[in-house]
Amino acid sequence: MDLFTPVVAPEWFHPNFRATLSEFGAGEREVVNSWAEGFVDRDKKFVHEFQTTFNSSFWELYLHAVFRRFGFSFDWRHAAPDFLLGKDNTWLNVEATTANAAQGRPNEWDRDLSVDAVLGISIPEINREATIRLSNAITAKHRKYRDSYHKLNHVGGRPFVLAVSPFEQPFFNLQHDRPIRSLLYDYYVDEEAFQRQPDKLPAGPPGVSLGTIMKESGAEIELGFFKEEAMEEVSAVLFSCVATWGKANALSPGNPKSSYFDFVRTDGAGRPMPHSAVPKPAYHETLEDGLQIFHNPYARFPLDPALFRAEGVVQHYFDRDKDDWVYEGIAGALTWRQVRSHLPAGPT
């Protein structure tokens, strides 16, 4: 599959796709082309969508590469959901989706990188907007499962996973897991409280239950999708906010040495450890780094954590034997990454 030879007129290029065509992006294009090896274009329009809408197609390619890395086999005979995967005598379905900008709101590629704009970034506001848009994406796919997917012979009786990537606003990559944890488990990391009184919170920002979050329309979203049986059809949510063009940049062996990486990894206790201006030769990142899986304790067909167990993958699940939550892989997890270069910028 030839992803980067244009099949549409340049005026139809998605801004992120246009950025990938830079003469300095050959290494990244090679990485993404490798993700597409073995990918089956069932409706014969994938390349067109990749070039005109980009983010959702890019996310599918990344997922394909991840599933291949984990040793899954693929059954491409069915039009939906997006992936039917087999491994260790287990078959599961995965539906990919993205959280996108609300109508009238700035798109993720419309980033204002001026000093005033960057200094004015509000993490709580990023979290609020992300929570709302992630809710829309997840509830729409859950509705799709109930309306049609559950009737398909290859879906019923098997784990059903939603793979969600956030592209809903500029600086979406700053959210880490704050919004998705709040949405699924009603566990919100209160960074504002920590900023107000850091000396009184030596362990870092506290986790709180918000119960609901309000849209600009005044409508409320109930948080805690996975705290009851209302979404039992969804076995788990697979999520990453670092599966972006920066991932391809990080994995590209031919990336220019003028590229530098700002990133945050957690320490052994899960606390953030920021790093700045690390040159490409000294930087290391894997395909799986930044991947998170949020298991539903009320799932009708649970997802076995062993299927995705690997260094770099964080999994959240309730261990009934221990009667406690497990946050597997939290030590050393990649929570944020930004690539800086003297060369023309590509997508985030």
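Presented here is an overview of the structure given in this document.

The rules we used
Residues numbered from 1 in each chain as written. Predicted model: local features only at pLDDT ≥ 70, side-chain atom pairs only at ≥ 80, totals over all residues. Heavy atoms only, no water. Pairing = 2+ DSSP bridges. Helix = DSSP H or I, 4+ residues; strand = E, 2+ residues; numbered from the N terminus. Contact = heavy atoms within 4.5 Å. Axes fitted to C-alpha atoms, helices over the stretch in contact; angles between N-to-C directions. Buried < 20%, exposed > 50% of the residue type's maximum accessible area, 1.4 Å probe, protein only. Polar contact = N/O pair within 3.5 Å; in protein donor to acceptor, adjacent residues only side chain to side chain.

### Side note on the sheet that holds strand β12 (residues 292–295)
Moving on, step 1. Pairing is mixed across the open sheet formed by 8 strands, whose spatial order is β1-β2-β3-β4-β9-β12-β13-β14. Unpaired on one side and paired on the other, β1 (73–74) and β14 (324–328) mark the two borders of the sheet.
Moving on, step 2. Sheet topology places strand β2 (residues 83–87) next to strand β3 (residues 90–100); 5 bridges connect them, and they run antiparallel. Looking at β3, one finds that Lys87 is bridged to Thr90.
Moving on, step 3. Relative to the sheet, helix α7 (residues 178–185) contacts β9 (236–239), β12, β13 (314–319) and β14, its axis offset from that of β12 by approximately 10°.

### Side note on the side chain of Gln292
Moving on, step 1. Looking at where Gln292 falls in the secondary structure, it is placed in strand β12.
Moving on, step 2. The buried category is assigned to Gln292, whose relative accessible area is 4%.
Moving on, step 3. Polar side-chain contacts of Gln292 include one of 2.9 Å to the side chain of His316.

### A short note on unusual backbone geometry
Moving on, step 1. In this chain, Ala80 is followed by Pro81 through a cis amide linkage whose omega measures -10°.
Moving on, step 2. Despite not being glycine, Lys44 has its phi angle at roughly 60°, a positive value.
Moving on, step 3. By the element assignment, Lys44 lies in the loop between α2 (26–35) and α3 (46–52).
Moving on, step 4. Here Lys44 falls in the exposed class, since its relative accessible area comes to 69%.

### Examining the environment of Arg111
Moving on, step 1. Within the element layout of this structure, Arg111 appears in the loop between β3 and α5 (115–119).
Moving on, step 2. Taking relative accessible area as the criterion, Arg111 reaches 25% and is therefore assigned partly exposed.
Moving on, step 3. With 59 residues separating them in the primary sequence, Arg111 and Pro170 have C-alpha atoms 5.3 Å apart.
Moving on, step 4. Polar contacts involving the side chain of Arg111 include one to the main-chain carbonyl oxygen of Glu108, which spans 3.4 Å.

Remember, this is a structural readout, not a statement about activity or role.
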